[in-house]
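Fold and geometry: a report
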Amino acid sequence: HIEWLGEQACVLHGQALPHAAALIDAFDAVAAQAPFRHLVTPGGATMSVAMTNCGPLGWVSDRRGYRYSPEDPASGLPWPPMPAVFRRLAQQAAKEAGFGIFEPDACLVNRYTPGTRLSLHQDRDEQDYKHPIVSVSLGMPATFLFGGLTRAERPRRILLEHGDVVVWGGVDRLRFHGIAPLKDHPHPRLGSVRLNLTFRRAGA
Ligand code: MD5
Ligand code: FE
(Lines give C-alpha, C1' and ligand atoms only; values in the text may rest on other atoms or scores of the structure.)
(Ligands and ions follow the chains in the order given, each with its own letter.)
Protein backbone atom coordinates (compact mmCIF):
# COMPACT_ATOMS: atom_id res chain seq x y z
CA HIS A 1 0.00 0.00 0.00
CA ILE A 2 1.00 3.63 -0.49
CA GLU A 3 1.59 5.86 2.54
CA TRP A 4 1.74 9.57 1.63
CA LEU A 5 4.22 11.57 3.74
CA GLY A 6 3.83 14.84 1.86
CA GLU A 7 2.22 16.23 -1.28
CA GLN A 8 4.92 14.59 -3.42
CA ALA A 9 6.53 12.09 -1.04
CA CYS A 10 5.36 8.56 -0.29
CA VAL A 11 6.35 5.11 0.96
CA LEU A 12 5.46 2.17 -1.29
CA HIS A 13 5.37 -0.45 1.45
CA GLY A 14 6.71 -3.83 0.31
CA GLN A 15 7.15 -2.69 -3.30
CA ALA A 16 10.62 -4.28 -3.61
CA LEU A 17 9.74 -7.54 -1.83
CA PRO A 18 9.15 -9.63 -4.99
CA HIS A 19 12.57 -8.47 -6.27
CA ALA A 20 14.54 -8.58 -3.01
CA ALA A 21 16.51 -11.76 -3.77
CA ALA A 22 17.40 -10.54 -7.29
CA LEU A 23 18.41 -7.10 -5.94
CA ILE A 24 20.73 -8.63 -3.33
CA ASP A 25 22.28 -11.05 -5.85
CA ALA A 26 22.87 -8.21 -8.34
CA PHE A 27 24.30 -6.08 -5.57
CA ASP A 28 26.93 -8.71 -4.68
CA ALA A 29 28.57 -8.11 -8.09
CA VAL A 30 28.59 -4.32 -7.49
CA ALA A 31 30.24 -4.68 -4.07
CA ALA A 32 32.86 -7.05 -5.52
CA GLN A 33 33.93 -4.38 -8.06
CA ALA A 34 33.51 -1.31 -5.85
CA PRO A 35 33.85 -2.30 -2.18
CA PHE A 36 32.12 -0.41 0.66
CA ARG A 37 34.17 2.31 2.27
CA HIS A 38 33.69 4.92 4.99
CA LEU A 39 33.98 8.36 3.39
CA VAL A 40 35.38 11.42 5.15
CA THR A 41 33.30 14.60 5.29
CA PRO A 42 34.72 18.03 4.35
CA GLY A 43 34.87 18.70 8.11
CA GLY A 44 37.16 15.68 8.62
CA ALA A 45 34.67 13.28 10.29
CA THR A 46 34.48 9.67 9.08
CA MET A 47 30.91 8.70 8.22
CA SER A 48 29.43 5.76 10.16
CA VAL A 49 27.53 4.68 7.02
CA ALA A 50 29.64 2.64 4.57
CA MET A 51 29.05 3.54 0.91
CA THR A 52 29.57 2.43 -2.65
CA ASN A 53 27.89 3.31 -5.97
CA CYS A 54 26.85 1.91 -9.31
CA GLY A 55 25.79 3.58 -12.55
CA PRO A 56 27.37 6.42 -14.55
CA LEU A 57 27.82 8.72 -11.52
CA GLY A 58 28.63 8.02 -7.88
CA TRP A 59 28.32 10.26 -4.82
CA VAL A 60 31.62 10.84 -3.02
CA SER A 61 32.87 12.96 -0.14
CA ASP A 62 36.36 13.95 0.95
CA ARG A 63 38.14 16.96 2.48
CA ARG A 64 37.46 18.91 -0.75
CA GLY A 65 33.67 18.52 -0.53
CA TYR A 66 30.71 16.47 -1.70
CA ARG A 67 30.24 15.73 -5.41
CA TYR A 68 29.26 13.17 -8.02
CA SER A 69 32.12 11.47 -9.83
CA PRO A 70 32.16 9.16 -12.88
CA GLU A 71 35.07 7.24 -11.31
CA ASP A 72 35.52 5.35 -8.09
CA PRO A 73 38.30 7.33 -6.36
CA ALA A 74 39.50 4.11 -4.68
CA SER A 75 40.33 2.44 -8.02
CA GLY A 76 40.28 5.22 -10.64
CA LEU A 77 37.85 3.04 -12.64
CA PRO A 78 34.25 3.78 -13.65
CA TRP A 79 31.63 2.69 -11.13
CA PRO A 80 30.11 -0.75 -11.87
CA PRO A 81 27.08 -0.66 -14.18
CA MET A 82 23.63 -0.21 -12.63
CA PRO A 83 21.99 -3.67 -12.68
CA ALA A 84 18.83 -3.80 -14.83
CA VAL A 85 16.77 -5.04 -11.88
CA PHE A 86 17.79 -1.89 -9.94
CA ARG A 87 16.86 0.49 -12.75
CA ARG A 88 13.52 -1.20 -13.49
CA LEU A 89 12.43 -1.05 -9.85
CA ALA A 90 13.39 2.64 -9.53
CA GLN A 91 11.53 3.54 -12.72
CA GLN A 92 8.43 1.58 -11.73
CA ALA A 93 8.36 3.18 -8.26
CA ALA A 94 8.72 6.73 -9.66
CA LYS A 95 5.87 6.04 -12.07
CA GLU A 96 3.59 4.66 -9.34
CA ALA A 97 4.31 7.71 -7.19
CA GLY A 98 3.20 9.97 -10.05
CA PHE A 99 6.56 11.25 -11.35
CA GLY A 100 6.45 9.79 -14.85
CA ILE A 101 9.64 8.83 -16.71
CA PHE A 102 12.64 8.67 -14.36
CA GLU A 103 16.10 7.99 -15.82
CA PRO A 104 18.49 7.62 -12.85
CA ASP A 105 22.21 8.07 -13.58
CA ALA A 106 23.40 7.41 -10.01
CA CYS A 107 22.73 4.70 -7.46
CA LEU A 108 24.30 5.27 -4.04
CA VAL A 109 24.36 2.18 -1.82
CA ASN A 110 24.48 2.83 1.93
CA ARG A 111 25.33 0.04 4.37
CA TYR A 112 24.20 0.34 8.00
CA THR A 113 25.18 -1.90 10.92
CA PRO A 114 23.91 -1.59 14.51
CA GLY A 115 24.65 1.91 15.84
CA THR A 116 25.07 3.46 12.37
CA ARG A 117 23.13 6.67 11.80
CA LEU A 118 22.73 9.33 9.14
CA SER A 119 22.23 12.77 10.62
CA LEU A 120 19.60 15.19 9.35
CA HIS A 121 20.56 16.70 5.97
CA GLN A 122 19.23 17.81 2.59
CA ASP A 123 20.25 16.25 -0.74
CA ARG A 124 21.64 19.25 -2.65
CA ASP A 125 24.49 17.86 -4.75
CA GLU A 126 22.38 17.12 -7.84
CA GLN A 127 22.30 19.46 -10.85
CA ASP A 128 18.53 19.76 -11.18
CA TYR A 129 16.08 19.36 -8.29
CA LYS A 130 13.18 18.72 -10.68
CA HIS A 131 13.97 14.99 -10.72
CA PRO A 132 12.57 12.71 -7.99
CA ILE A 133 14.66 10.45 -5.74
CA VAL A 134 13.84 6.78 -5.10
CA SER A 135 15.17 4.88 -2.09
CA VAL A 136 14.92 1.12 -1.50
CA SER A 137 15.37 -0.44 1.96
CA LEU A 138 16.72 -3.99 2.36
CA GLY A 139 17.64 -5.98 5.46
CA MET A 140 17.25 -4.64 8.99
CA PRO A 141 14.49 -2.12 9.75
CA ALA A 142 15.35 1.54 10.32
CA THR A 143 13.63 4.64 11.65
CA PHE A 144 13.51 7.22 8.90
CA LEU A 145 13.48 10.86 10.02
CA PHE A 146 11.31 12.88 7.65
CA GLY A 147 11.68 16.58 8.34
CA GLY A 148 10.55 19.83 6.82
CA LEU A 149 12.19 22.40 4.57
CA THR A 150 14.01 23.93 7.55
CA ARG A 151 16.23 22.13 10.05
CA ALA A 152 14.14 23.57 12.89
CA GLU A 153 11.03 21.56 11.97
CA ARG A 154 10.85 18.43 14.10
CA PRO A 155 11.04 15.32 11.88
CA ARG A 156 8.38 12.61 11.74
CA ARG A 157 9.65 9.10 12.52
CA ILE A 158 8.72 6.43 9.95
CA LEU A 159 9.63 2.74 10.18
CA LEU A 160 11.24 1.48 6.96
CA GLU A 161 11.33 -2.29 6.57
CA HIS A 162 12.90 -4.76 4.14
CA GLY A 163 11.30 -4.17 0.74
CA ASP A 164 9.96 -0.66 1.39
CA VAL A 165 10.51 2.00 -1.29
CA VAL A 166 10.40 5.76 -0.63
CA VAL A 167 9.85 8.22 -3.48
CA TRP A 168 9.89 12.00 -3.18
CA GLY A 169 10.33 15.00 -5.42
CA GLY A 170 8.75 18.28 -6.41
CA VAL A 171 7.77 20.39 -3.39
CA ASP A 172 9.18 17.70 -1.02
CA ARG A 173 12.53 17.33 -2.82
CA LEU A 174 14.57 19.43 -0.37
CA ARG A 175 13.14 18.16 2.90
CA PHE A 176 15.60 17.46 5.71
CA HIS A 177 15.87 13.74 6.40
CA GLY A 178 18.03 11.16 8.13
CA ILE A 179 18.20 7.71 9.74
CA ALA A 180 18.13 7.18 13.54
CA PRO A 181 20.88 4.95 15.04
CA LEU A 182 20.13 1.39 13.94
CA LYS A 183 19.12 -1.27 16.44
CA ASP A 184 20.23 -4.87 16.02
CA HIS A 185 17.30 -6.84 14.60
CA PRO A 186 19.12 -9.33 12.34
CA HIS A 187 17.55 -10.08 8.96
CA PRO A 188 17.36 -13.73 7.76
CA ARG A 189 19.23 -13.03 4.49
CA LEU A 190 21.46 -10.03 5.32
CA GLY A 191 22.15 -10.54 9.04
CA SER A 192 22.90 -7.40 11.07
CA VAL A 193 22.95 -5.15 8.00
CA ARG A 194 20.62 -2.65 6.37
CA LEU A 195 21.25 -1.73 2.74
CA ASN A 196 19.71 1.35 1.19
CA LEU A 197 19.78 1.91 -2.57
CA THR A 198 19.22 5.59 -3.48
CA PHE A 199 18.50 6.37 -7.13
CA ARG A 200 19.02 9.89 -8.44
CA ARG A 201 19.37 11.89 -11.61
CA ALA A 202 22.53 13.70 -10.53
CA GLY A 203 23.87 15.06 -13.84
CA ALA A 204 22.30 16.91 -16.76
C1 MD5 B 1 19.19 6.04 3.69
N2 MD5 B 1 19.91 7.96 2.44
O3 MD5 B 1 18.32 5.34 4.18
C4 MD5 B 1 18.82 7.43 3.23
C5 MD5 B 1 17.58 7.23 2.51
C6 MD5 B 1 21.25 9.69 1.46
C7 MD5 B 1 20.12 9.27 2.30
O8 MD5 B 1 19.44 10.12 2.82
O9 MD5 B 1 21.37 10.90 1.16
O10 MD5 B 1 22.03 8.82 1.05
S11 MD5 B 1 17.26 8.39 1.26
C12 MD5 B 1 16.00 9.27 2.04
C13 MD5 B 1 15.71 10.67 1.54
C14 MD5 B 1 16.58 11.35 0.72
C15 MD5 B 1 16.26 12.65 0.24
C16 MD5 B 1 15.07 13.26 0.61
C17 MD5 B 1 14.23 12.56 1.43
C18 MD5 B 1 14.54 11.29 1.89
N19 MD5 B 1 13.07 13.16 1.81
O20 MD5 B 1 12.78 14.30 1.50
O21 MD5 B 1 12.30 12.49 2.52
O22 MD5 B 1 20.37 5.67 3.53
FE1 FE C 1 19.84 12.05 1.83
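So, how was this worked out
- Throughout this document, residue positions are counted from 1 along each chain, in the order its sequence is written.
- Chains and ligands are labelled sequentially in the order written, the chains with letters from A and the ligands with numbers from 1.
- Owing to the predicted nature of the model, reporting of local features is limited to residues with pLDDT of at least 70; listing and counting of side-chain atom pairs is limited to 80 or more, with chain, interface and lining totals taken over all residues.
- The side-chain numbers reported here are obtained from all heavy atoms of the structure, hydrogens and water having been left aside.
- A run of H or I in DSSP becomes a helix once it reaches four residues, and a run of E becomes a strand once it reaches two; helices and strands are each numbered from the N terminus.
- Residue count minus one, scaled by 1.5 Å, sets the expected span of a helix.
- Each residue gets one of three labels from its accessible area relative to the maximum for its type: buried under 20%, exposed over 50%, partly exposed in between, using a 1.4 Å probe on protein chains only.
- What the arc covers is the set of directions going from the helix axis to the C-beta atoms.
- Buried and open spaces are told apart on a 1 Å grid over the protein atoms alone, a cavity being a set of points where a 1.4 Å probe fits but cannot get out and a pocket being an open set with protein on both sides within 12 Å along at least five of seven lines. Residues with an atom within 4 Å of a point are the lining residues.
- Grid points are joined across faces, edges and corners, and a volume is the space filled by probe spheres set on the points.
- Amino acid classes used here: Ala, Val, Leu, Ile, Met, Phe, Trp, Tyr, Cys and Pro are nonpolar; Asp, Glu, Lys and Arg are charged; the rest, including Gly, are polar.
- Note on definitions: a residue-residue contact is assigned when non-hydrogen atoms from the two residues lie within 4.5 Å.
- Between any two strands, at least two bridges found by DSSP are needed for them to pair.
- By convention in this text, a residue qualifies as near a molecule or strand provided that one of its non-hydrogen atoms is within 4 Å of it.
- Identification of polar contacts relies on pairs of N or O atoms within 3.5 Å, with a donor-acceptor requirement for protein atoms, meaning one able to donate a hydrogen and the other able to accept it, and with residues adjacent in sequence counted only if both atoms are side-chain atoms.
- Reported accessibility uses the Shrake-Rupley method at a 1.4 Å probe radius. Residues are deemed covered only where the shown protein chains occlude them.
- Being in a pocket or cavity means that more than half of the molecule's atoms lie within 2 Å of its grid points.
- Metal sites are built from N, O and S donor atoms within 2.8 Å, or 3.2 Å for Na, K and Ca, and they leave out water, so they may look incomplete.

Here we come to helix α2 (residues 84-96). Between its first and last C-alpha atoms α2 spans 18 Å; for 13 residues at 1.5 Å apiece the expected length is 18 Å, and the two agree. Those residues of α2 lying buried are Val-85, Phe-86, Leu-89, Ala-90, Ala-93 and Ala-94. End-on view of α2: buried residues confined to an arc of 160°, all on one side of the axis. Within α2, the exposed residues directed more than 90 degrees away from the buried face are Arg-88 and Lys-95.

Let us now look at the layout of surface pockets. Of the pockets and cavities examined, the largest pocket occupies roughly 620 Å³. Lining the largest pocket are 33 residues; nearest its centre among them are Leu-118, Ser-119, His-121, Asp-123 and His-177. Secondary-structure elements contributing two or more residues to the lining of the largest pocket are β5 (65-69), β6 (106-112), β7 (118-121), β11 (165-168), β12 (177-179) and β13 (194-200). Split by residue class, the lining of the largest pocket holds 15 nonpolar, eleven polar and seven charged. In this structure, the second largest pocket occupies an estimated 170 Å³ of space. Contributions of two or more residues to the lining of the second largest pocket are made by β9 (142-146) and β10 (156-160). Looking at the lining of the second largest pocket residue by residue, the classes come out as six nonpolar, two polar and two charged.

This paragraph deals with empty space enclosed by the protein. Remark: the empty space left among the atoms is shown by a probe the size of a water molecule rolled over them. In this structure the tally under the stated criterion is one cavity of 30 Å³ or more. The calculated volume of the largest cavity comes to roughly 50 Å³. A breakdown of the residues in the lining of the largest cavity according to their chemical character gives four nonpolar, one polar and three charged.

Within the secondary structure, Gly-115 is located in the loop between β6 and β7. Assessed through its relative accessible area of 47%, Gly-115 is described here as partly exposed. Counting along the chain gives 108 residues from Gly-115 to Glu-7, while the straight-line C-alpha distance between them is 32 Å. Contacts of Gly-115, omitting those with residues within four sequence positions, involve Pro-181 and Leu-182.

Of all seven residues in β13, seven are buried; the element is thus mostly enclosed. Both faces of β13 are covered, namely the face carrying Arg-194, Asn-196, Thr-198 and Arg-200 and the face carrying Leu-195, Leu-197 and Phe-199. In this sheet, β13 lies alongside β6 in antiparallel orientation, the contact comprising seven bridges. Bridged to Tyr-112 within β13 is Arg-194.

This part takes up the site of ligand 1. Around ligand 1, 18 residues are found, and the nearest of them are Asn-110, Tyr-112, Trp-168, His-177 and Arg-194. At a separation of 3.0 Å, an oxygen atom of ligand 1 approaches a polar side-chain atom of Asn-110. For ligand 1, whose accessible area on its own is 490 Å², the fraction buried by protein is 97%. Given that more than half its atoms are within 2 Å of the pocket grid, ligand 1 belongs to the largest pocket. When residues of the shell around ligand 1 are assigned to their parent elements, the largest contribution, four residues, is made by β13. Looking at side-chain class alone, the shell around ligand 1 contains seven nonpolar, six polar and five charged residues.

Let us look at the coordination of the iron ion (ligand 2). Protein ligation of the iron ion (ligand 2) involves His-121 (NE2), Asp-123 (OD) and His-177 (NE2), the donor distances falling in the range 2.0 to 2.2 Å. Of note, the donors binding the iron ion (ligand 2) are all from one chain and are spaced H-x1-D-x53-H. Taken together, the residues Asp-123 in the loop between β7 and β8 (133-139) and His-177 in strand β12 connect sequence positions 54 residues apart. Taken individually, Asp-123 and His-177 each receive the classification buried, so the pair is uniform in this respect.

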